[in-house]
Amino acid sequence: MTPLQNEPDDLQKVWRGDDRTPTAVGHLMMLKLVQEKRRSLQDFLRGEDLTSYTIAVAFAPLTAFAIWKSRPVFLMQLGFLLMTVTLVVGAVVTWINQHRGSALRQMDLSVREYQAQLLRFLDQRIRFSKGVKYWYATPLFLGFSLAIYPIASHFLPLFWSLLLIIAMFVLLEYLTWRMHDVQRVKDLQRRKDEVQSLLRDMNGLE
Amino acid sequence: MLETYGRPLRRLCKVYLRDAAEQEDLFQEIAFAIWTALPNFRRDSTERTWAYRIAHNVALSYSAKRRRQQCSELPMETLPCDPAIEGQVQRNELLDAVHQLKPIDRHLVVLYLEGLTAREIAEVTGLTVDSIGVRLSRMKHRLAVMLHGKENNK
């Protein structure tokens, strides 16, 4: 019905003509199926999002143990300490970031409010992804470089060991940059552009 | 609630996605979102506008996610179309015309086609009633021209 009419107009009649319900599955059964599907999807997403936790859980105890074991070599000890702190901080920051994302679960906002909220969330995610290399990757790889430098310098001359460590550090930083700054940010940016375009159109109507 | 809004929500899914299997997936996502949000329904809006808010928000997120995964949509010709069923061709033409609109116009048109008042559409979208009225009359005219154009081409 239009705002001024009580009877459906021609377009509305055509549109609503398709009243066949294609599924034979009852609604309750369907919801149970969706619940199951959703649960496995959430497990998958949790697994994907919690890479930082997994790395922290797997490596933080090892690096913490390595701090104690590498007491005779100060540089190595410093490297493992830096890695342990970074892994723990990384897990905490990821958790906080995910917690912020839970605000998006409020689906019953108006389309405009929801899109505005989504835009703020995407901005945060882009900043987070761009910042990963500064606050996470750099200290982690620096710690790793410090930890393995004494081993490299034991087998190689000073110049070559330094060169090896620097090359490894640069390579790891580059891979992180490719993964977060290029691929992930590109995906987020594309989504942000779509949201911005919709909001712009909505504002243009006013 | 699904008994009441099941059919309109299925039609809404057709506006967002062209593939029948994906439409079914989206419908299930919407149904699940409504089901989980139901305990928090504060009744500060009607049940209908509340359900449509959730449906549009889920559909927007879902279709964006699908676009990212696929990077291309299926052509319109893949729609299951049975000319033997009366009105099916007309409905597909209308759907085709709706698909050609900008996303915001699509939101407005689908809500109008489902019979929501301008005030209810304002509640769902967050736009003002005046702007919706003006836009909708333009869209109705445009849809009519698009459908007429197809008929004339036949």
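Computed from a predicted model, the values in this text were never measured in an experiment.

### Description of the overall build of chain A
Consideration 1: A tally of regular secondary structure across chain A gives six helices and zero strands.
Consideration 2: From first element to last, N terminus to C terminus, chain A shows the α and β order α-α-α-α-α-α.
Consideration 3: Residues counted as buried form 20% of the 206 residues belonging to chain A.
Consideration 4: Long-range pairs, those at least 24 residues apart, make up 71% of the contacts in chain A with a sequence separation of at least 6.

### Let's talk about the overall build of chain B
Consideration 1: The helix and strand inventory of chain B stands at seven helices and zero strands.
Consideration 2: Each helix and strand of chain B, ordered N terminal to C terminal, gives the series α-α-α-α-α-α-α.
Consideration 3: Buried positions account for 36% of the 154 residues belonging to chain B.
Consideration 4: Contacts in chain B between residues at least 24 apart in sequence constitute 63% of all its contacts with a sequence separation of at least 6.

### Structural notes on the environment of B:Gln88
Residue and element names in this part refer to chain B.
Consideration 1: As for its position among the elements, glutamine 88 is in helix H4 (residues 88-99).
Consideration 2: Owing to 17 C-beta atoms within 10 Å, glutamine 88 belongs among the partly exposed residues under this scheme.
Consideration 3: Along the primary structure glutamine 88 and arginine 42 are separated by 46 residues, whereas in three dimensions their C-alpha atoms are 38 Å apart.

### Remarks on helix H6 (residues 158-205) of chain A
Residue and element names in this part refer to chain A.
Consideration 1: For H6, which comprises 48 residues, the first-to-last C-alpha distance of 67 Å matches the rise-based estimate of 70 Å (1.5 Å per residue) to within 8%.
Consideration 2: Most pronounced at valine 185, the bend in H6 amounts to some 35 degrees.
Consideration 3: Every buried residue of H6 is listed here: Val185, Leu188, Arg191, Val195, Leu198 and Met202.

### Looking at the interface of chain B and chain A
Consideration 1: The partner chain A presents 35 residues to the 43 residues of chain B that form the contact.
Consideration 2: Of all the secondary-structure elements, those providing two or more residues to the side of chain B that touches chain A are helix H1 (2-16), helix H2 (20-37), helix H3 (47-70), H4, helix H5 (103-113), helix H6 (118-125) and helix H7 (129-153) of chain B.
Consideration 3: With eight residues, H3(B) is the single largest residue contributor to the side of chain B that touches chain A.

### Considering the packing of helix H5 (residues 111-155) of chain A against H6(A)
Residues and elements named next belong to chain A.
Consideration 1: Two elements in contact, H5 and H6, have axes separated by 9 Å at closest approach and are oriented at 175 degrees. Of the possible angle classes, the one that applies to H5 and H6 is roughly antiparallel.
Consideration 2: Grouping the constituent residues of the contact of H5 with H6 by class yields 24 nonpolar, ten polar and nine charged.

### Observations regarding the environment of B:Thr46
Residues and elements named next belong to chain B.
Consideration 1: Along the chain, the position of threonine 46 falls in the loop between H2 and H3.
Consideration 2: C-beta crowding within 10 Å serves as the criterion here: with 13 such atoms nearby, threonine 46 is assigned to the partly exposed category.
Consideration 3: Taking the C-alpha atoms as reference, threonine 46 lies 20 Å from glycine 133; in sequence the two are 87 residues apart.

### What to know about H6(B)
Residue and element names in this part refer to chain B.
Consideration 1: Judged by how many residues are buried, H6 sits mostly within the fold: seven of eight residues are covered.
Consideration 2: For H6, every residue scored as buried is listed here: Ala118, Glu120, Ile121, Ala122, Glu123, Val124 and Thr125.
Consideration 3: Positive phi shows up at glycine 126, right after H6, with a value of about 90 degrees.

### Remarks on the confidence of the model for chain B
The predicted structure's coordinates, where accompanied by low pLDDT, should not be read in detail.
All names here are of chain B.
Consideration 1: Per-residue pLDDT for chain B has a mean of 80; in total, 83% of the residues score no lower than 70.
Consideration 2: A low-confidence stretch, residues 72-84 (pLDDT under 50), is modelled with 15 contacts involving residues beyond four sequence positions or located in other chains.
Consideration 3: Across the assembled chains, the prediction reports ipTM 0.76 with pTM 0.71.

### A word on the nonpolar core
Inside soluble globular proteins, nonpolar side chains tend to come together where they are buried.
Consideration 1: Counting 51 residues, the largest nonpolar core has B:Ile30, B:Ile54, B:Ala55, B:Ala59 and B:Ile121 as its most contacted members.
Consideration 2: Leave out the neighbours within four places in its chain, and B:Ile54 touches A:Met107, A:Asp108, B:Ile30, B:Ala33, B:Ile34 and B:Ala37.

### What about the packing of H1(B) against H2(B)?
Residue and element names in this part refer to chain B.
Consideration 1: Closest axis-to-axis distance for the H1/H2 pair is 9 Å, and the angle between their directions is 135 degrees. Relative to H2, the element H1 lies oblique. The element H1 and its partner H2 pack so that their crossing is right-handed. Together, Leu2, Leu9, Arg10, Cys13, Lys14 and Tyr16 of H1 and Gln23, Leu26, Phe27, Ile30 and Ala31 of H2 make up the contact between the two elements.
Consideration 2: Residue composition of the contact of H1 with H2, grouped by class: eight nonpolar, one polar and two charged.

### Focus on the confidence of the model for chain A
Residue and element names in this part refer to chain A.
Consideration 1: Mean pLDDT over chain A: 79, with 77% of residues reaching 70 or higher.
Consideration 2: Taking the mean pLDDT of every element in chain A, the minimum, 57, falls on helix H2 (residues 27-49) and the maximum, 86, on H5.
Consideration 3: This model gives residues 1-5 a pLDDT under 50, and the stretch forms nine contacts once residues within four places in sequence are excluded.

What counts, and where the lines are drawn
Residues numbered from 1 in each chain as written. Chains lettered and ligands numbered in written order. Predicted model: local features only at pLDDT ≥ 70, side-chain atom pairs only at ≥ 80, totals over all residues. Helix = DSSP H or I, 4+ residues; strand = E, 2+ residues; numbered from the N terminus. Buried ≥ 20, exposed ≤ 12 C-beta atoms within 10 Å, placed from the backbone. Contact = placed C-beta atoms within 7 Å. Expected span 1.5 Å × (residues − 1). Bend = angle between axes of the 7 residues up to and from the residue. Axes fitted to C-alpha atoms, helices over the stretch in contact; angles between N-to-C directions. Parallel < 35°, antiparallel > 145°, perpendicular 65-115°, else oblique. Nonpolar A, V, L, I, M, F, W, Y, C, P; charged D, E, K, R; others polar. pLDDT = per-residue confidence, 0-100. Core = buried A, V, L, I, M, F, W, Y, C linked by C-beta atoms within 7 Å. Left-handed = near helix turned anticlockwise from the far one by under 90°.

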